[in-house]
Amino acid sequence: QVELVESGGGFVQAGASLRLSCAASGRTFGSLSMAWFRQAPGNEREFVSSINANRYTDYADSVKDRFTISRDNAKSTVYLQMDNLRPEDTAVYSCAARAGYMTPWSGAYPYWGQGTQVTVSP
C-alpha cells in the first residue's frame, strides 16, 4: 500500500510558476514509477508527466519545456515544477504511483493522492 499526499497548488496569474509536491509513504519509494495527472472541470483526466526509478522522464506535449518532474528518494517525494503557467493549465493535479515501468495510462496506477487545485488566471 502507498499513500500519497500532494501540496503546492494555488491561484496564480498567467506566466507565474508553481511547484507541486507529492509525498509518499508505505512502500520503498525509490522503486516506484511516479506520475502527475490533471483534470479540469468537464474534462477527462489527462497525463502530465512521469518519472521512473531510473529517473527517466516523460511529458505531455502540452507541458513539455514548461514543466519539470523530479524526485527526491531520500524524502520519498516527487515534484512538478510548473513554469510559464497558462490558463489552460487550470485543473486539479493528482500524483499517482505504481510498481514497474512508467506509463501515461492512468488506469495502470493503483495508488493516487487526493489532488491539489491549480488555478491560473489570464
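How each quantity is defined
Residues numbered from 1 in each chain as written. Predicted model: local features only at pLDDT ≥ 70, side-chain atom pairs only at ≥ 80, totals over all residues. Heavy atoms only, no water. Helix = DSSP H or I, 4+ residues; strand = E, 2+ residues; numbered from the N terminus. Rg over C-alpha atoms; globule rule 2.2 N^0.38 Å. Buried < 20%, exposed > 50% of the residue type's maximum accessible area, 1.4 Å probe, protein only. Contact = heavy atoms within 4.5 Å. Lys, Arg positive; Asp, Glu negative; His and termini not counted. Charge placed at Lys NZ, Arg CZ, Asp CG, Glu CD. Core = buried A, V, L, I, M, F, W, Y, C linked by side-chain atoms within 4.5 Å. Pairing = 2+ DSSP bridges. Axes fitted to C-alpha atoms, helices over the stretch in contact; angles between N-to-C directions.

Before going further, it helps to spend a moment on the overall build of the chain. Within the chain, the regular secondary structure consists of zero helices and eleven strands. Counting from the amino terminus, helix and strand elements in the chain follow one another as β-β-β-β-β-β-β-β-β-β-β. Scaling as 2.2 N^0.38, a compact globule of 122 residues should have a C-alpha radius of gyration of about 14 Å, and the chain matches this with 13 Å. C-alpha extents for the chain along the principal axes are approximately 40 × 30 × 25 Å. Within the span of the chain, comprising 122 residues, buried residues form 46% of the whole. For the chain, the share of sequence-separated contacts (at least 6 apart) that also reach a separation of at least 24 residues comes to 58%. Positive and negative side-chain charges in the chain, numbering 11 and 11 respectively, have mean positions lying 6 Å apart.

Below, the discussion takes up the nonpolar core. Membership of the largest hydrophobic core comes to 36 residues, with the highest contact counts inside it found for Leu4, Met34, Trp36, Leu80, Met82 and Tyr93. Taken together, the elements giving at least two residues each to this core come down to β3 (18-25), β4 (32-39), β5 (46-51), β7 (67-72), β8 (77-82), β9 (91-99) and β11 (116-121). Setting aside residues up to four positions removed in sequence, leucine 4 forms contacts with Cys22, Ala23, Ala24, Met34, Cys95, Ala96, Ala97, Tyr111, Trp112, Gly113 and Gln114.

With that out of the way, let us pick up the sheet that holds strand β1 (residues 3-7). The sheet built from four strands is open, its strands ordered β1-β3-β8-β7 with antiparallel pairing. The sheet terminates laterally at β1 and β7, the two strands that pair on one side only. With direction set aside, neighbouring strand axes in the sheet form an average angle of 15°.

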